[in-house]
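Fold and geometry: a report
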Amino acid sequence: MPRIKKKGQAGAAKNYVTRNQAIRKLQISLPDFRKLCIWKGIYPREPRSKKKVSKTSTASTTFYFAKDIQYLLHEPLLQRFRDQKVLEKKISRALGRGDVTDAKRLEGNATRPEKTGRPQYTLNHVIRERYPTFVDSLRDLDDCLSMLFLFANLPSTSSVPAKMIAQCERLTLEFQHYLIVSKSVTKSFLSIKGIYYQANIEGEDILWLVPYKFNQRIVGDVDFRIMGTFVEFYMTLLGFVNFRLYTSIGLKYPPKFDAVKDENAAELGAFTLEGKVLVGTEEAKQLEGAPHKPDPKVQAAVNKVIKTISSGAEVEDAVVNDNEETSDAIDKFEPTVEGGDVLPQPSSGSGPSALFSKYTIYLSRETPRQPLEFLLKSFGCKRVGWDAVLGDGAFTTNELDPAITHQIVDRPLIQAAMEDNEGEDNQTSQKLAANRRVPGRIYVQPQWVWDSINDEELKEVHLYAPGASLPPHLSPFVKQISGAYDPTMPLEDQETEGEALEAADDDEDEAAEGMDVAGSEDEDEDEGEDEDGDDTEMRAAEEVDEDDESDVEESERQMELEAELTGAPVSKAVNVKAKAKEAAKKALSKKSREEAEELERAKGMLSKKKRKLFEQMQYTNNKKSAADQKLRAKRRKLEKDKAKGKE
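This is a predicted model, so every value here is computed, not measured.

**Observations concerning the pairing of strand β5 (residues 204–210)**
Residues Glu-204, Ile-206, Trp-208 and Val-210 point to one face of β5 and are all buried, whereas Asp-205, Leu-207 and Leu-209, pointing to the other face, are not buried. Strand direction decides the pairing type here: strand β4 (residues 195–201) and β5, joined by 7 bridges, are antiparallel. Looking at β5, one finds that Tyr-197 is bridged to Trp-208. Between β4 and the antiparallel strand that follows it, β5, lie 2 residues; Glu-202 among them carries a positive phi value of about 50°.

Written as structure tokens, this is what we have:
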């Protein structure tokens, strides 16, 4: 007789444990269990049948894999949590006995972890376990950077301590310094949520979001304890990543930090990068500009080996000539099929990393200094100045400096009157005295920087002049699909035949309504005239009749010419255009009917599973095409309104 299996000891029930069972097994509190699961990357699981998994009469809601909890039993952090719990019990026991001196001693030891107080733990071993290779850590850096940049902009509260905010800000600024030196930033986009940045580090594209520098309001419906746990883990991760990135380009980590400059809002300027030579010094510039020549002894040995291998001087000359030809020519990657993927083309020049290297740019005080400084320096501009009120670390704070080539402004330029206008807010409009504009300087709006970076070329500055209507700021992360709405293309090149016919009908209807309105206005004016001007009316009527006769003659002549070309009688020439439109509509409807019939026949050949999948795909495509059609109709209306406004 086989052994009877007890409930909960085999099958799915053995593979899962509830949260309460896991806490009892690990012997830690619920907050510590949450921390441990977040740091180790262990999340709740959803079994197929909760009734089979649950060992009690009530259906539990949170389950974990039994193997994951067994894995946590060997975690060194468990002992740290237990020691901390023991210390807290000692303090509460001393307070319960009324022994304030003993409780104060224990509390003082707890605030000095380097001595006999609360055990201090690190997450270094957790980072090494979760990310065995450096590429793995780069792939998980998107959420890390977004979270740390968010906390760097928060105000300090009881739930968000000031030390955490300062540490987040310091780590993010160190990461930005690496991006500036390595020229890794590729794209950026201004959105409602904040500013998106994309960087390519060791072949991995990293995208993160930085909020705008507004006054943040801490709300009560956000659990900052859970977010703080993630931030504690991400700070350790970014510290490891920064160390590896700095050492990979020959820089010391951490960089020198000047607290005085940081108090003066220098931000990036508060750090001094160090390597074998200081970055940005004269010695470093001389080394960068010095020609790199090989060692003469090594070169002589290499030449000797080449001479022994080569059969003669002719072969050697041919090899040298081939190397020269190949070094001059650069291979280009071209798609073999029309519409194929376009690969990034190699270039012999400095490329977009030196986009602003030749300019000295000044930031007006109303512009966002932090993102502009970071982007300009990431793309080669080493001379960025701003007003002294924006903080320390500027190349120049003198707005009238003759070395400035471009100035970025974001307020309408209002010519100040000779009289003093008291009571007007000078923060909403930039008052310039007569001839205050510096001759030879180019004034642009901030969007010029973002569009130039995304297009990898300097945009025309007159399109971004102060007060000008800016071109649309499009996301560089959206890939254009054939057939979808493309705001960069003309409307006529992407609208369908049906949309073109509907637009033509709408134009005719609007024109007819305009003629009717004009005719009714003329009738009202004629009725309202006085009887004393009968002679004037008769003369005007005669002139109008003559004009109408001439128009009729011209239209008849035009219809005769069209009739001769088409071979139709003159009487039918009036309805040629209307008939052509009707024929086009019939042809379009017939074509759509045939396509629908062909599609139904093709669906009949599919299996039931594939047919459902195809219908889902078709539904999604129709939904996207309807959205694209709506966008094109909106753009058509805007273009019509704009044309009417110009008239």
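What follows picks up the thread again.
**Focus: the pattern of salt bridges**
Applying the stated rule across the entire model yields 17 salt bridges. A salt bridge links Arg-97 to Asp-102; the shortest N-O distance between them is 3.6 Å. The exposure class assigned to Arg-97 is exposed, which follows from its relative accessible area of 52%. Residue Glu-373 pairs with Lys-377 through a salt bridge whose shortest N-O separation is 3.0 Å. With Glu-373 and Lys-377 both in helix α17 (residues 369–378) and 4 residues apart, this pair spans about one turn of that helix.

**What about the environment of Arg-411?**
Mapped onto the elements, Arg-411 comes out in the loop between β10 (406–408) and β11 (413–415). For the pair Arg-411 and Gln-445, spaced 34 residues apart in the sequence, the C-alpha separation amounts to 8.7 Å. Of note is the side chain of Arg-411, whose polar atom sits 3.2 Å from the side chain of Glu-366.

**Comments concerning the packing of aromatic side chains**
In total, this model carries 19 aromatic pairs according to the counting rule given. Ring plane angle 45° and centroid distance 5.7 Å describe the contact between Trp-39 and Tyr-121, whose orientation is recorded as tilted. Taken together, the residues Trp-39 in helix α3 (residues 30–40) and Tyr-121 in the loop between α7 (100–110) and α8 (124–130) connect sequence positions 82 residues apart. The exposure class assigned to Tyr-121 is partly exposed, which follows from its relative accessible area of 21%. Taken together, the ring pairs connect Phe-149, Phe-175, Tyr-197, Trp-208 and Phe-374 into an aromatic cluster.

**Observations concerning the pairing of strand β3 (residues 185–190)**
With 5 bridges joining them, β3 and β4 adopt antiparallel strand pairing. Residue pairing in the sheet places Lys-187 in a bridge with Gln-198 of β4. With antiparallel pairing between neighbouring strands as the criterion, β3 and β4 make up a hairpin whose turn holds 4 residues.

**Some remarks on the side chain of Ser-191**
Looking at the secondary structure, you find Ser-191 in the loop between β3 and β4. Assessed through its relative accessible area of 17%, Ser-191 is described here as buried. A polar contact of 3.4 Å, which involves the side chain of Ser-191, links it to the backbone nitrogen of Lys-193. Polar side-chain contacts of Ser-191 include one of 2.8 Å to the backbone oxygen of Gly-194. If we ignore the near neighbours within four places in the chain, the residues touching Ser-191 are Tyr-196 and Tyr-212.

Definitions and limits used
- Every chain begins its residue count from 1, and numbering advances along the sequence as written.
- Per-residue local features of the predicted model are confined to residues with pLDDT of at least 70, and side-chain atom pairs are confined, for both listing and counting, to 80 or more; whole-chain, interface and lining totals are unaffected and use all residues.
- With hydrogens and water excluded, all non-hydrogen atoms of the structure serve as input to the side-chain values.
- The cut-offs for exposure are 20% and 50% of the maximum accessible area for each residue type, with area from a 1.4 Å probe on protein chains only; residues under the lower value are buried, those over the upper are exposed, and the others partly exposed.
- In DSSP terms, a helix is any run of H or I states spanning at least four residues, a strand is any run of E spanning at least two, and both are numbered starting from the N terminus.
- By this definition, two strands are paired if DSSP reports at least two bridges between them.
- Here, a salt bridge means any side-chain nitrogen of Lys or Arg that lies within 4 Å of a carboxyl oxygen of Asp or Glu.
- Definition of a polar contact: a pair of N or O atoms within 3.5 Å, with one able to donate and the other able to accept a hydrogen when the atoms are protein atoms, and with sequence-neighbouring residues admitted only if both atoms are side-chain atoms.
- Within 6.5 Å between ring centres, the rings of Phe, Tyr and Trp (the latter by its six-membered ring) count as paired, and their orientation is classed by plane angle as stacked under 30 degrees, edge-to-face over 60, tilted in between.
- Any two residues whose heavy atoms approach within 4.5 Å are treated as being in contact.

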